[in-house]
Amino acid sequence: MPEIPLVPAHWRFPARPASVRRARHAVAESLPDVLRAQLGDDLRLLTSELLTNAIRHGACGEDGDLVELVLWPADGHYWLAVSDPGTGKPIPAHPGPDSENGRGLLLVESLATAWTVRPRPTRGTSVIAGLSFHQGG
């Protein structure tokens, strides 16, 4: 009999800055206790950066806009997908030393084992990032 995978954790939040804190907490709390110390900080940072980008650049500015997060383990990684209704493709910027913004995807690139941008089948864009983990001894 095949091993039955875990059901992915799934959340929808209003596309507002106040949602970032709630999302960080929800994602970190959904990790198993044995992995929270190993992945919690990096996963919170990935959540913050990806959700902030989705709200700033992917939301349409309408009151009903939602951003969606999905977290699931697969192949020795925890994968986080952050989706928004926008159609743009995020790319890392190269800000100058005095720039106050533009480093989010550079952080994602340095933290994640792998990451990508995918269009959604119906509407919007998803940014998916994975963090590798080690179970046991």
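Since we're looking at a predicted model, the values are computed, not measured.

Caption draft 1: Quick look at the overall build of the protein. For the protein, the count of helices and strands is three helices and five strands. Starting at the N terminus and walking to the C terminus, you meet the elements of the protein as β-α-α-β-β-α-β-β. Counting only C-alpha atoms and orienting by the principal axes, one finds that the protein spans roughly 45 × 35 × 25 Å. Within the protein, the proportion of its 137 residues that are buried is 40%. Pairs at least 24 apart in sequence give 60% of the contacts found in the protein among residues at least 6 apart. Accessible area of the protein: about 8,500 Å², with a carbon and sulfur share of 52%.

Caption draft 2: Looking closely at the pattern of salt bridges. Per the counting criterion, the structure on display carries four salt bridges. Salt-bridge contacts for Asp 33 lead to Arg 36; the nearest nitrogen and oxygen are separated by 3.1 Å. Taken together, the residues span about one helical turn, with Asp 33 and Arg 36 both in helix 2 (residues 33-58) at a distance of three residues. Given a relative accessible area of 64%, Asp 33 falls into the exposed group. Judged by relative accessible area, Arg 36 falls into the partly exposed class, the value being 25%.

Caption draft 3: How the structure looks around the confidence of the model for the protein. Per-residue pLDDT for the protein has a mean of 87; in total, 95% of the residues score no lower than 70. Model confidence for the protein, summarised as mean pLDDT per element, is weakest for helix 3 (residues 104-111) at 86 and strongest for strand 1 (residues 9-14) at 96.

Caption draft 4: How the structure looks around the nonpolar core. The biggest cluster of nonpolar side chains holds 31 residues, and the ones touching the most others in it are Leu 50, Leu 51, Leu 69 and Leu 80. The set of elements that each furnish at least two residues to this core consists of strand 1, helix 1 (18-30), helix 2, strand 2 (66-74), strand 3 (77-84), helix 3 and strand 5 (125-132). Take this core: its biggest share by element is eight residues, from helix 2. When neighbours within four sequence positions are excluded, Leu 50 is seen to be in contact with Leu 80, Val 82, Leu 105, Val 108, Val 127 and Ala 129.

Caption draft 5: Examining the packing of helix 2 against helix 3 more closely. At a minimum axis distance of 9 Å, the contact between helix 2 and helix 3 shows a crossing angle of 145°. Where helix 2 crosses over helix 3, the two elements pack in a sense that is left-handed. Counted together, Asp 42, Leu 45, Leu 46, Glu 49, Leu 50 and Asn 53 of helix 2 and Gly 104, Leu 105, Leu 107, Val 108 and Leu 111 of helix 3 form the full contact between these two elements. Of the residues in the contact of helix 2 with helix 3, the class split is seven nonpolar, two polar and two charged.

Caption draft 6: Expanded view of unusual backbone geometry. Even without being glycine, Asp 75 reaches a positive phi, approximately 55°. Checked against the element boundaries, Asp 75 lands in the loop between strand 2 and strand 3. Asp 75 gets classed as exposed once you look at its relative accessible area, which sits at 77%.

Caption draft 7: Here's a closer look at the sheet that holds strand 2. On the basis of which strands lie adjacent, the open sheet formed by five strands has the order 1-2-3-5-4 and antiparallel pairing. At either end of the open sheet lies a strand with only one pairing partner, and these are strand 1 and strand 4 (114-119). Averaged over neighbouring strand pairs, the angle between their axes works out to 15° when direction is ignored. Pairing analysis gives seven bridges linking strand 2 to strand 3, with the strands arranged antiparallel. Looking across to strand 3, one finds that Leu 69 is bridged to Val 82.

What counts, and at which threshold
Residues numbered from 1 in each chain as written. Predicted model: local features only at pLDDT ≥ 70, side-chain atom pairs only at ≥ 80, totals over all residues. Heavy atoms only, no water. Helix = DSSP H or I, 4+ residues; strand = E, 2+ residues; numbered from the N terminus. Buried < 20%, exposed > 50% of the residue type's maximum accessible area, 1.4 Å probe, protein only. Contact = heavy atoms within 4.5 Å. Areas by Shrake-Rupley, 256 points an atom, 1.4 Å probe, with all protein chains shown as cover. Salt bridge = Lys/Arg side-chain N within 4 Å of Asp/Glu carboxyl O. pLDDT = per-residue confidence, 0-100. Core = buried A, V, L, I, M, F, W, Y, C linked by side-chain atoms within 4.5 Å. Axes fitted to C-alpha atoms, helices over the stretch in contact; angles between N-to-C directions. Left-handed = near helix turned anticlockwise from the far one by under 90°. Nonpolar A, V, L, I, M, F, W, Y, C, P; charged D, E, K, R; others polar. Pairing = 2+ DSSP bridges.

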